Amino acid sequence: MRLLLLAPPGAGKGTQGTRLAAWSGAEHIAAGDVLRAEAAAGNDLAREIAAYQSRGDLVPDQIVVDALTPVIIEAAARGGFILDGFPRNLPQAVAAADLAVRLGFTLHAAIYLQAPEAVLTQRLLGRARQGGRSDDTIDVIRHRLQVYAETTGPLVPYYAERGILVTVNANQPPDAVTAEIKNRLSALSVPGAEEANKVNKDRR
Ligand code: ADP
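All values derive from a computational prediction rather than experimental measurement.

**Q** Whenever I open this one, the site of the ligand confuses me. Can you help?
**A** Taken together, 21 residues form the shell around the ligand, and within it Lys13, Gln53, Asp57, Gly85 and Arg144 come nearest. The side chain of Arg36 places a nitrogen or oxygen atom 2.9 Å from an oxygen atom of the ligand. Summarising the interface, the protein chains cover 97% of the accessible area of the ligand, which totals 540 Å² for the free molecule. By residue number, the principal contributor to the shell around the ligand is helix H2 (residues 31-39), which donates 4 residues.

**Q** What should I look at first to understand the environment of Ala97 in this one?
**A** Along the polypeptide, Ala97 turns up in helix H5 (residues 90-103). Overall, Ala97 belongs to the partly exposed group, its relative accessible area being 34%. The sequence separation of Ala97 and Ile63 amounts to 34 residues, and the corresponding C-alpha distance is 17 Å.

**Q** Please explain the packing of helix H6 (residues 117-129) against helix H7 (residues 138-152) as it appears in this structure.
**A** Angle between the axes and distance between the axes are the two parameters that describe a pair of packed helices. Running from N to C, H6 and H7 point in directions that differ by 145 degrees, and their axes come no closer than 10 Å. Crossing angle aside, the handedness with which H6 passes H7 is right-handed. For the pair H6 and H7, the contacting residues are Glu117, Leu120, Thr121, Leu124, Leu125 and Arg127 in the first and Ile138, Ile141, Arg144 and Leu145 in the second. Split by residue class, the contact of H6 with H7 holds 6 nonpolar, 1 polar and 3 charged.

**Q** Looking at this structure, I do not really get the sheet that holds strand E5 (residues 165-169). What am I missing?
**A** Two modes of strand pairing occur in sheets, parallel and antiparallel, and in both the strands are linked by backbone hydrogen bonds. What the 5 strands build is an open sheet, ordered E2-E3-E1-E4-E5; its pairing is parallel. Looking at strand neighbours, the two that pair on one side only are strand E2 (27-30) and E5, the edges of this open sheet. Adjacent strand axes in the sheet meet at a mean angle of 20 degrees when their direction is disregarded. The sheet contact formed by E2 and strand E3 (residues 81-84) spans 4 bridges and is parallel.

What counts, and at which threshold
Residues numbered from 1 in each chain as written. Predicted model: local features only at pLDDT ≥ 70, side-chain atom pairs only at ≥ 80, totals over all residues. Heavy atoms only, no water. Near = heavy atom within 4 Å. Polar contact = N/O pair within 3.5 Å; in protein donor to acceptor, adjacent residues only side chain to side chain. Areas by Shrake-Rupley, 256 points an atom, 1.4 Å probe, with all protein chains shown as cover. Helix = DSSP H or I, 4+ residues; strand = E, 2+ residues; numbered from the N terminus. Buried < 20%, exposed > 50% of the residue type's maximum accessible area, 1.4 Å probe, protein only. Axes fitted to C-alpha atoms, helices over the stretch in contact; angles between N-to-C directions. Left-handed = near helix turned anticlockwise from the far one by under 90°. Contact = heavy atoms within 4.5 Å. Nonpolar A, V, L, I, M, F, W, Y, C, P; charged D, E, K, R; others polar. Pairing = 2+ DSSP bridges.

Below, the structure is given as structure tokens:
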């Protein structure tokens, strides 16, 4: 199974990505986590990545593509991937499409987790109060939401035009969001979805 999760900060990409990976056997690849790991390396590139992340700005495309390409290639050769947080702008979407052509695979769905901005802000502030990440401060949260609206939002029509957009209501409890995604993927006959739903049902 090869999926993208398209979602503003706070919509639950990370939570859903982990769950969908466990359910489908595909690998969860969180772009933010891959970049945070690179940012911890202590070299010049690491410091550059950390600076972008701490401001809530997108890390430059070439750095992101270089970091993620080998991870995606490896996952694609195994059970597929759930890509969370990549692509995040049109040039990255084009790079992802080029990679797919080069490797001879297609994406089965781009899942868009939709929630009102006020809900997203409340969730991110809640996470900040519980310790959260260093980029969970009110100013950086506002900036991340703005970057999303301007830069990542346009990927919603991009994938709709390609016929693979699946819009899901993310303003409901995590279990309900997961159930909605699984049902939608089964209904679309995404490879592996029906089998995974059946296995999980049999286990109950
Ligand atoms: P959130 O979606 O809550 O902002 P992420 O962990 O997905 O959390 O992203 C955190 C930060 O990592 C972003 O603000 C950005 O700096 C960087 N980042 C993640 N994915 C990308 C990407 N595809 N392109 C550029 N920067 C990215």
